[in-house]
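# Tertiary structure, described
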Amino acid sequence: MVACTGEYTGNASRYCRSDGKWEVPNYSKCISNSIEQIKEQTAKFLSGASDYDNVTIILNNLENITRDNNKLRSGDLNASSDILNEIAKYITNHTEELSVDQLEIFGSLCDNLLHERNHQSWGELNNEGSAGVTSLVSAVTEYNDAFDEVIDGEFSFVVAKENVVMEVGKTSSDEITVPNRLTPSDSWISDSATEIKLKKNICSGLTGYSSTFYRNISHLFPEYLLQNGDIRPFNGSYGVNSIIAEFTVHGTTCSDYTLIIKFDHLLENYSKPLCGHWDFSAPHTVNGAWSTFGSRVVDAADSITKCEYNHTTNFAILMSPGRTRIATHKEAIKQRVSNGEVEIILSDIKNAQTKAMMNLCVALILSYIIFLAAITQTENKVVCSAVAVALHYMFLTDFALMLAEGILFVEKLVFLFSRSIVNKLIPACWIVPAGIVGISAGVTKLKGYGNDQFCWLSLETNLIWAFIGPALLVIMINVVVIIIAVDKLMTIKLHDEKTPQEKSKIGLKGIRVMLPLFGVTWIVGTFSLNDDLVIFQYLFAIFNSLQGLFIFVFNCCLTNKVRTGYRKYKRRNANPMNLKLSTVCTNNDNLKTVDEKQHQCPEEMNETV
């Protein structure tokens, strides 16, 4: 054991193994001089020896030090967590010192400590068997709980940072949902499907609550599981496969409630989910272990697990590495439909749907190129007939691929075939139209393919029905598919608790995505055949010239994956000062404070980032 060097106080230790080799040095007792001074300052304040400090000053000083530090040592993190725990205990009995400004500083401080540059140091604490990051999590929970005592009336206050999102509030609503999806936000939590929902069954008056979401500390928790009274290490059998989410209900006004948490999986190659919570009082541990007591899995899918708890604390989903094969169609259907998220169902296009959409886009591009370049090449009858034949084939191929999109949606939502038929379906979409065009051209001997005005199927002959017939059949089938799909999306299990208005939005979202893919707007073209109905000719031209744009916008730009990637790109390229998101504050007049001016929520904090 030797004294810490540089601007650090304390002692560093290093063990020599039995084979004569040194282990990695332990710096958990090395604390920077600046943080040690704040630790001493805190001790004096809490003992009443200092009349010049207060909690806000201490937090602000510590936040300034940890913000600019490139990398904090494990001893710095340990000392900072100890300071926050002492302050949280003090605040519980001195709620008059709380303010919204102070919560903002507290959130920024936690964000600094949980920054990825400090993960190696947190990992060192974990390896040394100390409380590590769970000590900080405990301080956050206790500190946020204190706000219930100082809130009068309905209130909601959110602190959104790069690594942590905290919310405290009170509400008379029968249902509490965090994060609030109805409030626009650029916070990282809005990009995650993770959601906490509390339904109050027997309640009266206002219900206080607090919640915290931790973005990137799942792997920093000790890997121990409490089951049947025994503590067992994970040993590779389990892993935390979600962000850490904390939720607490305050007061005695709510004696009966149901807590539902939907976890967004971090990795896909995991299975066998367990609904876990962190038990700080687990026996024979430094600061707790994961437990499944009082929880059950409600629904499970590839990317989301839905859990029900009969208590509140810090939660996460525990899963086994490696994917297990689904044995029956019934299990597969349950796993698929219970996913519940419209975006997951509509945008699950990794294999079959991607192939169909790419083929459709290629076919549409070829159709439009031929149409724009050669539709009026009527001078040479041979060329004009060839163009008409090519357009007949390409437009039939377009509709065949639109039908394939509908079939694949039915396959995914209703039948869920064990092996996708896409590899047989796509070639058929290119071959069958060739057969129809070949028969039509052979029977008519190309009569009706082109006229003096356009290189297209002549309206004066019955040949036009060789296109209208298959097109109308595809449209009618896809209309039925849309009805089935929208019904499935609005009636799946995870949407039972949604209001009729929310379900309507889900249905409209599904329709908006499917209409361009399924070619339903082409039905306007059947009315445009009549020269007297000029308005339908204009509508037909507008809708179908924009079909490619609609596919690009609704099936690419507006999907969650693309929007999430764009948000991450913006955050990476944003000014460093903008990385710390602003605070959302509402109804701040309901907060009891000693100094109203100091504790007042700034006007700009009412705006959502």
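Look above for the structure.
The present account deals with the structure reproduced in this document. (Residues numbered from 1 in each chain as written. Predicted model: local features only at pLDDT ≥ 70, side-chain atom pairs only at ≥ 80, totals over all residues. Heavy atoms only, no water.)

## Things to note about the overall build of the chain
- Scanning the chain for helices and strands turns up 18 helices and 20 strands.
- Within the chain, buried positions represent 46% of all 609 residues.
- Looking at the chain alone, contacts between residues at least 24 apart form 75% of all its contacts between residues at least 6 apart.
- In the form shown here, the chain has an accessible surface area of approximately 29800 Å², with 56% of it arising from carbon and sulfur atoms. (Helix = DSSP H or I, 4+ residues; strand = E, 2+ residues; numbered from the N terminus. Buried < 20%, exposed > 50% of the residue type's maximum accessible area, 1.4 Å probe, protein only. Contact = heavy atoms within 4.5 Å. Areas by Shrake-Rupley, 256 points an atom, 1.4 Å probe, with all protein chains shown as cover.)

## So, unusual backbone geometry
- With an omega of -5°, the peptide bond between V178 and P179 qualifies as cis.
- You can see P179 is positioned in the loop between β7 (175–178) and β8 (195–203).
- Non-glycine residue K272 carries a positive phi angle of around 50°.
- Relative to the assigned elements, K272 resides in strand β15 (residues 270–279).
- Under the relative-accessibility criterion, K272 is labelled exposed at 53%.
- In this structure, K445 takes a positive phi of about 55° despite not being glycine.
- Mapped onto the elements, K445 comes out in the loop between α11 (422–444) and α12 (465–491).

## Some points on the state of the cysteines
- By the definition in use, this model includes three disulfides.
- A sulfur-sulfur separation of 1.9 Å characterises the disulfide bridge that pairs C4 with C30. The sign of the S-S torsion, about -85°, decides the handedness of the disulfide formed by C4 and C30: left-handed. Placement of C4 in the loop between β1 (2–3) and β2 (8–9) and of C30 in the loop between β3 (11–12) and β4 (31–32) is noted, with a sequence separation of 26 residues between them. Here the two residues C4 and C30 agree in accessibility, since each one is buried.
- Disulfide pairing places C275 opposite C307 at an S-S distance of 2.0 Å. Between C275 and C307, the S-S dihedral sits near -85°, and the bridge is therefore left-handed. Taken together, the residues C275 in strand β15 and C307 in strand β18 (residues 304–309) connect sequence positions 32 residues apart. Per residue, the accessibility class of C275 equals that of C307, and both read buried. (Disulfide = S-S within 2.5 Å.)

## Digging into α11
- Here α11 spans 33 Å end to end across 23 residues, near enough to the 33 Å set by a 1.5 Å rise per residue.
- Approximately 30° is the largest bend angle found in α11, and it occurs at A428.
- One or two positions beyond α11, positive phi appears at K445, with a value near 55°. (Expected span 1.5 Å × (residues − 1). Bend = angle between axes of the 7 residues up to and from the residue.)

## Side note on the side chain of E97
- Summarising the element assignment, E97 is placed in the loop between α3 (74–93) and α4 (100–113).
- Side-chain polar atoms of E97 contact the side chain of Y90, separated by 2.8 Å.
- Not counting the four nearest positions on each side in its chain, E97 is found in contact with F45, N54, V55, Y90, I91 and Q102. (Polar contact = N/O pair within 3.5 Å; in protein donor to acceptor, adjacent residues only side chain to side chain.)

## Thoughts on the packing of helix α2 (residues 55–68) against α4
- Packing of α2 against α4 leaves a shortest axis separation of 9 Å and a crossing angle of 30°. What the angle tells us is that α2 and α4 run roughly parallel. Crossing angle aside, the handedness with which α2 passes α4 is left-handed. Across the interface between the two elements, V55, T56, L59, N60, L62, E63, T66 and R67 of α2 pack against Q102, I105, F106, S108, L109, N112 and L113 of α4.
- Among the residues forming the contact of α2 with α4, the class breakdown is seven nonpolar, six polar and two charged. (Axes fitted to C-alpha atoms, helices over the stretch in contact; angles between N-to-C directions. Parallel < 35°, antiparallel > 145°, perpendicular 65-115°, else oblique. Left-handed = near helix turned anticlockwise from the far one by under 90°. Nonpolar A, V, L, I, M, F, W, Y, C, P; charged D, E, K, R; others polar.)

## Details of the nonpolar core
- With 56 residues, the main nonpolar core has L84, W122, I217 and W290 as its most contacted residues.
- For this core, the leading source of residues is α3, giving eight residues.
- Among residues more than four places away in sequence, those in contact with I217 are L114, V133, V137 and I244.
- Of all hydrophobic cores here, the second largest spans 37 residues; its members include A374, F395, I426 and A466. (Core = buried A, V, L, I, M, F, W, Y, C linked by side-chain atoms within 4.5 Å.)

## Details of the pattern of salt bridges
- In the structure shown here, the tally under the stated rule is five salt bridges.
- With its nearest N and O atoms 2.7 Å apart, the salt bridge here joins E63 to R67. With a gap of four residues between them, E63 and R67 both fall in helix α2, about one helical turn apart.
- Of the residues examined, R67 reaches a relative accessible area of 36% and is grouped as partly exposed.
- Close ionic contact of E104 with K161 constitutes a salt bridge, the shortest N to O distance being 2.6 Å. Pair noted here: E104 is in helix α4 and K161 is in the loop between β5 (155–160) and β6 (164–171), with a separation of 57 residues, a long-range link.
- Residue classification places E104 among the buried positions, given a relative accessible area of 18%.
- Judged by relative accessible area, K161 falls into the buried class, the value being 3%. (Salt bridge = Lys/Arg side-chain N within 4 Å of Asp/Glu carboxyl O.)

## Focus: the environment of A441
- Take A441: it is sitting in helix α11.
- Residue class for A441 comes out buried when judged on its relative accessible area of 17%.
- Note: C-alpha distance between A441 and S385 (56 residues apart in sequence) is 9.9 Å.
- What A441 contacts, discounting residues up to four positions off in sequence, is L446 and Y449.

## Some thoughts on the packing of helix α1 (residues 33–47) against α3
- Two elements in contact, α1 and α3, have axes whose closest approach is 10 Å; the angle formed by their N-to-C orientations is 20°. With respect to their mutual orientation, α1 and α3 come out roughly parallel. α1 and α3 meet at a crossing whose hand is left-handed. Here α1 contributes I35, I38, K39, T42, F45 and L46 to the contact with α3, which in turn contributes D76, A79, S80, D82, I83, E86, I87 and Y90.

## As for a nonpolar patch on the surface
- Among the surface-exposed residues, V362, I365, L366 and I369 lie close enough to one another that they form a single nonpolar patch of about 340 Å² accessible area.
- By secondary structure assignment, the location of V362 is in helix α9 (residues 352–374).
- A relative accessible area of 41% places V362 in the partly exposed class. (Patch = residues over 30% accessible without salt bridge, like charges linked within 9 Å, V, L, I, M, F, W, Y side chains within 5 Å.)

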